Every structure is written in C-alpha cells, then in structure tokens.
Amino acid sequence: MIAPTIHCESAVRAIVFLLFVILVFLILKFTLNRVIEIRQRNREAEQKTDGKKPSDSDPQSMVRCAECGIHLPQSEAFYDGKDTFCSEGHMRDFHKKHGADRTFDDTSD
Ligand SMILES: [Zn+2]
C-alpha cells in the first residue's frame, strides 16, 4: 500500500514544478516587458532631443532696440555703427531725435 502514496507525491511535485516554471516564465515576461518599455521611452526621449532645433532662440545673439527697447535677434536688427534697432524706421526716428550731436545722453532707464 505504499505505491499509491509515492505516485500521489510525485504528481504533487510535478504540479508544484509546473507552477514554479509558470511563475518564472511570468516573472521573465514581466521583466522583459519592463525592459522593452524603458528602452522605448529612452528612444523617444533621444528622438525628442535630436529633433530640437537650437536655432529657435539663442539668448546670446539678442540685441536691444535703442529706440523702443524691444529685444530682437541680432540677425534681424538694424545696426547704424553704434546702436541697434528693431527696424529702419526706429533707426531714423532715433537719429532724428538725437540729431547729429548726441551730447545729451538721456539714458533714463
Ligand atoms: Zn524699435
């Protein structure tokens, strides 16, 4: 009457082994999914940084209009040899106001 007991025990062991294998499989699958997710996120972040254009706004090339005080990129500014302006009109206005002699430097900033 020993044989059935041994048979039953081996069956339980087989089931436990099977459950263990399934558990390991599930853990591996979960871990793999996590790794893939993190990799995809990293790739997306890389693409975002690659696609960013640095020419959008360069604070180093910003100049101030001497007439109205607006800030604009140096490439779009008008330069009369001394001051920068946002437009040709402001450059003329500034020269009209201050004339030839710019002795009175009214810098009420
Ligand atoms: Zn201006």
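Everything numeric in this text was worked out from a predicted model, so none of it was measured. (Residues numbered from 1 in each chain as written. Predicted model: local features only at pLDDT ≥ 70, side-chain atom pairs only at ≥ 80, totals over all residues.)

## What about the overall build of the protein chain?
Consideration 1: Helix and strand content of the protein chain: two helices and four strands.
Consideration 2: Moving toward the C terminus, one meets the helices and strands of the protein chain in the order α-β-β-β-β-α.
Consideration 3: The buried share of the protein chain, reckoned over its 109 residues, is 6%.
Consideration 4: Put simply, of all contacts in the protein chain between residues at least 6 apart along the chain, 10% involve residues at least 24 apart. (Helix = DSSP H or I, 4+ residues; strand = E, 2+ residues; numbered from the N terminus. Buried ≥ 20, exposed ≤ 12 C-beta atoms within 10 Å, placed from the backbone. Contact = placed C-beta atoms within 7 Å.)

## Let's talk about the confidence of the model for the protein chain
Consideration 1: Averaged over the protein chain, the pLDDT score is 83; the fraction of residues at 70 or greater is 75%.
Consideration 2: Put simply, helix H1 (residues 3-51) is where the protein chain has its lowest mean pLDDT, 89, and strand S4 (residues 84-85) is where it has its highest, 96. (pLDDT = per-residue confidence, 0-100.)

## Here we look at the nonpolar core
Consideration 1: Grouped together as the largest cluster of nonpolar side chains are six residues: Ala-66, Ala-77, Phe-78, Phe-85, Cys-86 and Met-91.
Consideration 2: Dropping the residues within four chain positions of it, Phe-85 is found in contact with Cys-65, Ala-66, Glu-67, Ala-77, Phe-78, His-90, Met-91 and Phe-94. (Core = buried A, V, L, I, M, F, W, Y, C linked by C-beta atoms within 7 Å.)

## Quick word on the environment of Ser-61
Consideration 1: Within the fold, Ser-61 resides in the loop between H1 and strand S1 (62-64).
Consideration 2: Classification of Ser-61 as partly exposed rests on a count of 13 C-beta atoms within 10 Å.
Consideration 3: Sequence separation between Ser-61 and Gln-74 is 13 residues; the distance between their C-alpha atoms is 5.3 Å.
Consideration 4: Excluding its chain neighbours within four sequence positions, the residues that come into contact with Ser-61 are Pro-73, Gln-74 and Ser-75.

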